[in-house]
Amino acid sequence: MEKLRLATVWLGGCSGCHMSLLDLGEELADILDKIELVYGPLVDAKEFPENVDVTLVEGALSNMENLELLQQIRQNSRMVVSFGDCAVTGNVTSLRNFLPVDDLLNEVYQQGPGNIPRSGEAGKVLPELLPRVLPLHHAVIIDTFIPGCPPEPDRIRTALLAILAGKPVKLAESQLTFG
Ligand code: SF4
């Protein structure tokens with residue numbers, strides 16, 4: 001049987017959602033038997049590949065690099081999954097939306113110990129921030145949402161098994177509590 005081509009991506013988030021995925025432990029090993037992991041923090045692949053079946057995207061859209069990668073993911077993935085509360089709602093990442101971007105960058109990068117220039121060659125080390133952090137569905141069509149901060153392993157397992165079976169992801173009521 002052909003394996004499902006899965007990618008996982010980490011945008012503006014803390015990696016906690018990926019850690020929760022790894023917490024599936026032996027169950028994850030069983031699921032991985034049916035999957036070909038083609039891109040993500042756990043795989044050595046530089047470019048997002050073509051013909052991906054499912055991509056789990058952790059984190060919100062915080063900068064232009066996030067946005068460009070998400071658009072590329074949408075073009076090359078049959079199913080895009082908003083993975084965790086930062087992806088679903090903006091959550092923790094969007095706390096910076098209460099501050100003007102310029103004030104934030106000055107405070108952190110000019111007045112902090114790093115003093116990184118904001119312009120010229122040296123300024124290019126910082127990706128251009130979006131004016132506001134956005135949940136993924138504000139930029140592209142999302143097929144499935146897995147809420148939680150992070151989503152509990154049980155919830156991730158339910159979703160992955162449904163996806164593998166080609167069924168709609170239906171989380172039980174007890175799996176839909178946020179937190
Ligand atoms: Fe981290 Fe929670 Fe955001 Fe996942 S949803 S990236 S665990 S803050």
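Look a little higher up for the structure.
Residues numbered from 1 in each chain as written. Predicted model: local features only at pLDDT ≥ 70, side-chain atom pairs only at ≥ 80, totals over all residues. Heavy atoms only, no water.

Description of the site of the ligand
Then step 1. Inspection of the region around the ligand gives Gly13, Cys14, Gly16, Cys17, Glu58, Asp85, Cys86, Asn91, Val92, Gly148, Cys149 and Pro150 as its neighbouring residues.
Then step 2. If you list the elements that add at least two residues to the shell around the ligand, you get helix H1 (16–22) and helix H4 (85–89).
Then step 3. Partitioning the shell around the ligand into residue classes produces 6 nonpolar, 4 polar and 2 charged. (Near = heavy atom within 4 Å. Helix = DSSP H or I, 4+ residues; strand = E, 2+ residues; numbered from the N terminus. Nonpolar A, V, L, I, M, F, W, Y, C, P; charged D, E, K, R; others polar.)

Considerations on the nonpolar core
Then step 1. Leu11, Phe48 and Leu136 are the most contacted members of the largest nonpolar core, which totals 19 residues.
Then step 2. Only strand E1 (4–10), strand E2 (35–39), strand E3 (52–58) and helix H3 (64–76) provide two or more residues apiece to this core.
Then step 3. It is H3 that contributes the most residues to this core, 4 residues altogether.
Then step 4. What Leu136 contacts, discounting residues up to four positions off in sequence, is Leu11, Val57, Gly59, Ala60, Leu61, Leu70, Ser82, Ala87 and Ile142. (Core = buried A, V, L, I, M, F, W, Y, C linked by side-chain atoms within 4.5 Å. Buried < 20%, exposed > 50% of the residue type's maximum accessible area, 1.4 Å probe, protein only. Contact = heavy atoms within 4.5 Å.)

Looking at the pairing of strand E5 (residues 77–83)
Then step 1. Of all 7 residues in E5, 6 are buried, a share of seventy percent or more.
Then step 2. Of the strand pairs in this sheet, E5 and strand E7 (residues 144–146) are connected by 3 bridges, and their pairing is parallel. Paired with Ser82 across the strands is Phe145, a residue of E7. (Pairing = 2+ DSSP bridges.)

Considerations on the sheet that holds E2
Then step 1. Across the sheet, 5 strands lie side by side as E2-E1-E3-E5-E7; this open sheet has parallel pairing. Looking at which strands have only one partner, the edges of the open sheet turn out to be E2 and E7. Ignoring strand direction, the axes of neighbouring strands in this sheet form an average angle of 30°.
Then step 2. Taken together, the 5 bridges between E1 and E3 define a ladder with parallel strand orientation. Within E3, the residue paired with Leu6 across the bridge is Val54. (Axes fitted to C-alpha atoms, helices over the stretch in contact; angles between N-to-C directions.)

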